[in-house]
Amino acid sequence: MRRRHPVFVCLVLALALVAAASEATGVSAHDAWVRETPPGMTIMAGYMELRNNTSQPQVLVAASSSGFETVTIHRTIVKDGMAGMVHASQIELPPSANLSFAPGGYHLMLMNPKRTLRAGDRVDINLEFRSGLRLPVSFEVRQ
Ligand SMILES: [Cu+2]
């Protein structure tokens, strides 16, 4: 009787699990981080890479966290040579596309953290999409 190699079986299982996870979530987040701020600062910014794994556009409409008083979606823009921030009420991710939240562009504006967050800490933020999809994301605090 022939036996399949155990490593092969594990690999197939792992791939099946990965496929199931992305199928279930539809949108995935990678490299999510919050910039550490000096003591006393009550505004923080969150960054990440979003990936739409579905064949439909996905529209990010809100974000929330029990770790902050408010979470809003912002975009940094430069107007007349001055950098400012505007509220982004929604952001569309085309099918199979990536969207970067990065310094100088889209970011999550995190107001009044409920506890002091230091580099190495983690904080959960929930992303909400118009389709009803909810994506919990664990952000790492970094310097
Ligand atoms: Cu902002």
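How each quantity is defined
Residues numbered from 1 in each chain as written. Predicted model: local features only at pLDDT ≥ 70, side-chain atom pairs only at ≥ 80, totals over all residues. Heavy atoms only, no water. Helix = DSSP H or I, 4+ residues; strand = E, 2+ residues; numbered from the N terminus. Buried < 20%, exposed > 50% of the residue type's maximum accessible area, 1.4 Å probe, protein only. Contact = heavy atoms within 4.5 Å. Areas by Shrake-Rupley, 256 points an atom, 1.4 Å probe, with all protein chains shown as cover. Donors = N, O, S within 2.8 Å, 3.2 Å for Na, K, Ca; no water. Tetrahedral: all angles 85-135°; square planar, octahedral: opposite > 155°, others 65-115°. Pairing = 2+ DSSP bridges. Salt bridge = Lys/Arg side-chain N within 4 Å of Asp/Glu carboxyl O.

> What is the right way to read the overall build of the protein from this model?
If you tally the helices and strands in the protein, you get 1 helix and 10 strands. Ordered by position from N to C terminus, the α and β elements of the protein give α-β-β-β-β-β-β-β-β-β-β. Taking all 143 residues of the protein together, 33% fall into the buried category. Considering only contacts within the protein whose residues lie at least 6 apart along the sequence, 67% involve residues at least 24 apart. Looking at the protein as shown, the accessible area adds up to about 8,900 Å², and 56% of this sits on carbon and sulfur atoms.

> I tried to follow the environment of Arg35 on my own but got confused; where do I start?
Turning to its location among the elements, Arg35 is positioned in strand E1 (residues 27-35). Overall, Arg35 belongs to the partly exposed group, its relative accessible area being 36%. Spatially, the C-alpha atoms of Arg35 and Arg118 are 9.1 Å apart, while their sequence positions differ by 83 residues. Setting aside anything within four residues of it in sequence, one finds Arg35 in contact with Met44, Ala45, Tyr47, Pro103 and Arg142.

> Is there a simple way to think about the coordination of the copper ion in this case?
Ideal coordination angles are 109.5 degrees for a metal with four donors arranged tetrahedrally and 90 or 180 degrees for a metal with six donors arranged octahedrally. The protein atoms that coordinate the copper ion are His74 (ND1), Met85 (SD), His107 (NE2) and Met109 (SD), at distances spanning 2.1 to 2.2 Å. Coordination at the copper ion comes from 4 donor atoms whose angles at the metal span 93 to 119°, giving a geometry best classed as tetrahedral. Spacing between the donor residues of the copper ion along the chain follows H-x10-M-x21-H-x1-M. Classification of His107 by relative accessible area gives buried; the value is 3%. The exposure class of Met109 is buried, given its relative accessible area of 7%.

> I'm lost on the side chain of His74 in this one. Help?
Inspection of the secondary structure puts His74 in strand E4 (residues 68-79). Judged by relative accessible area, His74 falls into the buried class, the value being 14%. Those residues in contact with His74, other than ones at most four positions away along the chain, are Met85, Val86, His87, Ala88, Gly105, Tyr106, His107 and Met109.

> Can you walk me through the pairing of strand E9 (residues 122-129) in this structure?
Side chains on a regular strand alternate between the two faces of the sheet. Here E9 shows a clear split, with Val123, Ile125, Leu127 and Phe129 buried on one side and none of Arg122, Asp124, Asn126 and Glu128 buried on the other. Direction of pairing for E9 relative to strand E10 (residues 134-142): antiparallel, over a ladder of 7 bridges. Residue pairing in the sheet places Glu128 in a bridge with Arg134 of E10. Here E9 hands over to E10 after 4 residues, with Gly132 in that stretch at a positive phi of 100°.

> Would you take a moment to explain unusual backbone geometry for this structure?
Even without being a glycine, Asp31 presents a positive backbone phi close to 50°. Examined against the element boundaries, Asp31 turns out to sit in strand E1. A relative accessible area of 49% means that Asp31 is categorised as partly exposed. With a phi close to 55°, Asp80 is a non-glycine residue in the positive phi region. If you trace the backbone, Asp80 turns up in the loop between E4 and strand E5 (82-87).

> Hey, could you run me through the pattern of salt bridges in this one?
Pairing between side chains of opposite charge can happen when their charged atoms approach one another. Inspection of every chain in the model, using the stated rule, returns 4 salt bridges. Residue Arg118 pairs with Glu36 through a salt bridge whose shortest N-O separation is 3.7 Å. Here the residue Arg118 occupies a position in the loop between strand E8 (106-113) and E9, and Glu36 occupies one in the loop between E1 and strand E2 (43-52), the gap between them amounting to 82 residues. Under the relative-accessibility criterion, Arg118 is labelled partly exposed at 30%. Salt-bridge contacts for Arg142 lead to Glu140; the nearest nitrogen and oxygen are separated by 3.2 Å. Counted as one network, the salt bridges with shared partners bring together Asp31, Glu140 and Arg142.

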